[in-house]
Every structure is written in structure tokens, then in C-alpha cells.
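# Coordinates in review
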Amino acid sequence: MNARLRLVADRTAERPVPPPADPLGEEPGPGAARCLGLYAKLAAGVTVVTARGEDGPLGMTVSAVTSLSARPPLLLACLRDGSRTLAAVRARRAFAVHLLREEQQDLAGRFASPTTTAAERFAGTDTRQVLGVPVLAGSLAWSVCLTEDVRRYGDHHLVVGRVAAVHVGAGRPLLWHDRRFGALTDPVPDAAG
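Described in the following lines is the structure provided in the data block.

Cut-offs and rules
- Residues numbered from 1 in each chain as written.
- Predicted model: local features only at pLDDT ≥ 70, side-chain atom pairs only at ≥ 80, totals over all residues.
- Heavy atoms only, no water.
- Buried < 20%, exposed > 50% of the residue type's maximum accessible area, 1.4 Å probe, protein only.
- Helix = DSSP H or I, 4+ residues; strand = E, 2+ residues; numbered from the N terminus.
- Pairing = 2+ DSSP bridges.
- Phe/Tyr/Trp six-rings, centres within 6.5 Å; stacked < 30°, edge-to-face > 60°.

### Here we look at the pairing of strand 2 (residues 47-53)
Moving residue by residue along a regular strand, the side chains alternate between the two faces of the sheet. By the criterion of burial, strand 2 is predominantly enclosed, with seven of the seven residues buried. Of the two faces of strand 2, both are covered, the one formed by Thr47, Val49, Ala51 and Gly53 as well as the one formed by Val48, Thr50 and Arg52. Sheet topology places strand 2 next to strand 3 (residues 56-62); seven bridges connect them, and they run antiparallel. Each bridged residue has a counterpart across the sheet, and for Gly53 the counterpart in strand 3 is Gly56.

The following block contains the structure:
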């Protein structure tokens, strides 16, 4: 009887043991197009992120920017992998975030265009240096941030910046929703009765 059990045990030891299943890898998940459809429904303020590159100012339009912390003051921006602006943010450890006004659609489009050069993006803009970072005049609000952390997730990098300088003006923000620009509208007062 012991020999028989040993033989069965030896046979099972010879079989390769499959690796444990990855529960996330087995999930089929939606395709990229469906995810992009979902993301299009997220309303966001339109921002331009700028940084100092080796050959001058760089910048790109970004809709994924959010406050992260008030104490310490931190912002989070999602920058596309491989962008020159991201490379400058990593190298120089500083960047600016500009919240655009509702009338700055052309500026947002210029900074979003993949065929527009850095020089063309900044052409005709009133730009000054704050803490060594190019800052666009005329935006609704801007902040200059010192880079705290950069981490890659998928095809973007999360960039956390500590706010070192800030300016807030008056006006209304440019919004991005459903793959087009939009603006806030005045609320309709409730009817009495």
C-alpha cells in the first residue's frame, strides 16, 4: 500500500504546476475606445502646462489636472508619455499650470496640436519667467510648481507639484466635455411657487 501511494505521489510531482492565475489579467475589460468614450463624459477645466526646455519654453494642453492637497499645497497633472514637456518637467523639476479663460479656445487648440512646434505654440503670447518657468499672461489662474514626484501609469505620467507661486484672476474657466470646449452658464433661478 505504501508503494502504491508513493507511486501516485511521484507521478503528481512530475507534472508542472501552473503559475497562480492573475485575477486582473483574466478580466477582459473594455477596449480603449469604450474607455475614451467614458473619459469624454468627464467635464474638466482646460489647462496648459509649461516648462523650461533646453532650447526654450515648452508646453501642452492638459485636461487632467486636479488639486491634491492644501497643506502642503500640491497639484497633480497627467502628462502624456514621451512628450517634450514631460521630459522638461523631469529634467528641470519645475513647471507651471495655467487655467485658461473661456475665451482662450484658440490658445488651448494651439498647445494641443501635435503638429505645432514649441515656438509656434508660444508665438504671440505674453510670457514671463517665474522661478525660471515660462508663465503665460492672461490666464484665469496660474501656479508654478516644484516637481515632487513623477510616476508612470499606462500611457501617461502623474506629476505631483508643490505650489511655489500662484496667481488667481477674475473670469470664467474654459471647460472640456464630450470632446469639445464649453463654458459655464449662469444658473436659472428657481421659479417661485
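### Observations concerning the packing of aromatic side chains
Counting across every chain of the model gives two aromatic pairs. Considering the side-chain rings of Phe111 and Phe122, the 5.1 Å spacing of their centres and the 80° angle between planes classify their relative orientation as edge-to-face. Within this pair, whereas Phe111 is found in helix 5 (residues 105-112), its partner Phe122 is found in helix 6 (residues 118-122), the two being separated by 11 residues in sequence. Both rings, one in Trp176 and one in Phe181, keep their centres 5.0 Å apart while their planes meet at 65°; by these two values the pair is edge-to-face. A relative accessible area of 29% means that Trp176 is categorised as partly exposed. Take Phe181: its relative accessible area is 28%, and that puts it in the partly exposed class.

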